[in-house]
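What the coordinates show
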Amino acid sequence: MEKGKIQVVVGSTSEHKIGAVKEALRRLGVEADVTGRRARSDVREQPMGFVEMMTGAKRRVGHVWDAKHPDRICVGIESGIEVVSTVVVDFALIAVLADGEWYQSISPGIVFPFAYYDEARERGFATTTVGSVIAERMGGDATDPHVTFTKGKITRQETLVQGIMIAFASYFAKQ
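These lines cover the structure that appears in this document, whether it is placed above or below. These numbers were taken from a predicted model, which means no experiment stands behind them.

About the cut-offs
Residues numbered from 1 in each chain as written. Predicted model: local features only at pLDDT ≥ 70, side-chain atom pairs only at ≥ 80, totals over all residues. Heavy atoms only, no water. Salt bridge = Lys/Arg side-chain N within 4 Å of Asp/Glu carboxyl O. Helix = DSSP H or I, 4+ residues; strand = E, 2+ residues; numbered from the N terminus. Buried < 20%, exposed > 50% of the residue type's maximum accessible area, 1.4 Å probe, protein only. Pairing = 2+ DSSP bridges. Axes fitted to C-alpha atoms, helices over the stretch in contact; angles between N-to-C directions. Parallel < 35°, antiparallel > 145°, perpendicular 65-115°, else oblique. Left-handed = near helix turned anticlockwise from the far one by under 90°. Contact = heavy atoms within 4.5 Å. Nonpolar A, V, L, I, M, F, W, Y, C, P; charged D, E, K, R; others polar. Expected span 1.5 Å × (residues − 1). Polar contact = N/O pair within 3.5 Å; in protein donor to acceptor, adjacent residues only side chain to side chain. Core = buried A, V, L, I, M, F, W, Y, C linked by side-chain atoms within 4.5 Å.

If you walk through the whole model with that rule in mind, you get 12 salt bridges. With its nearest N and O atoms 2.6 Å apart, the salt bridge here joins E23 to R26. In this pair, E23 and R26 both sit in helix 1 (residues 15-27), 3 residues apart, roughly one turn of the helix. Relative accessible area serves as the criterion here: at 53%, R26 is assigned to the exposed category.

Take the pairing of strand 3 (residues 73-84) next. Taken across its 12 residues, strand 3 has 9 buried, putting it largely inside the fold. In terms of strand pairing, strand 1 (residues 6-10) meets strand 3 through 3 bridges, oriented parallel. Bridging across to strand 3, V8 finds its partner in I73. As paired elements, strand 3 and strand 4 (residues 87-98) share 11 bridges and run antiparallel to each other.

For the pair helix 1 and helix 6 (residues 156-173), interaxial distance at closest approach is 8 Å and the crossing angle is 50°. In terms of orientation, helix 1 lies oblique with respect to helix 6. Of the two possible hands of crossing, helix 1 and helix 6 adopt the one that is right-handed. In this structure, helix 1 contributes E15, H16, K17, G19, A20, V21, E23, A24, L25 and R27 to the contact, and helix 6 contributes R156, Q157, E158, L160, V161, Q162, I164, M165, F168 and F172. The class makeup of the residues in the contact of helix 1 with helix 6 is 10 nonpolar, 4 polar and 6 charged.

The subject of this paragraph is helix 1. With 13 residues, helix 1 ought to run about 18 Å at 1.5 Å a step, and its terminal C-alpha atoms sit 18 Å apart, in line with that. Regarding helix 1, the residues found buried are H16, K17, I18, G19, A20, V21, E23, A24 and L25. Contacts made by the buried residues of helix 1 are with strand 1, strand 2 (32-36), helix 2 (49-64), strand 3 and helix 6. Regarding helix 1, its N-cap is S14, as a side-chain oxygen of that residue lies 3.2 Å from the backbone nitrogen of H16 further along. In the segment just after helix 1, G29 is the residue with positive phi, at about 75°.

Core analysis: the largest hydrophobic core is formed by 24 residues, its most contacted members being V8, V21, V75, I77, V96, I164 and F168. Every element with two or more residues in this core is listed here: strand 1, helix 1, strand 3, strand 4 and helix 6. Per-element tally for this core: the top contributor is helix 6, with 7 residues. Among all residues touching I164, those that are not within four sequence positions of it are A20, V21, A24, I77, I94 and S105.

The next point concerns unusual backbone geometry. Phi angles above zero are rare outside glycine, and S85 is one such case at about 60°. Following the sequence through the fold, S85 ends up in the loop between strand 3 and strand 4. Its relative accessible area of 66% is what places S85 among the exposed residues. We note that K151 has phi near 50°; this positive angle belongs to a residue other than glycine. One can find K151 in the loop between helix 5 (145-149) and helix 6.

Below you can see the structure in the form of structure tokens.
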């Protein structure tokens, strides 16, 4: 690690998530070494609701936090679905552990048609995501249905960047 750079560990090997953390910190003007490590969320393949998503994000942090390196900032990101009435919203919950304190936020969400949610639910959220159903029916990347629904204008990574910036801005405001 270069002198003056913060060290950040993301509880994931997803390029969407690691890239989003790097970009969020760049936009905030923070020099950081960002690495990703495999970390289980211990939730369903398709997390449902705020509680399950935050549980997954915090568990990812727990799997990469290391008492030998308490100066490292750990990030957990868990994307999922929240159903409100007849609206299915996909977004991510972000959990940042820095200096022993939690900083949390959510990413902007995108509304998915209910039919894709219904099909994923019928197959079982333990193994099937709404994104995978969308990719089967409409094409595209199962991990980035945002591109499909915005015709390439907004990526999943861009929505993650926004949420991550909020969590880190809260942390840096206390420094």
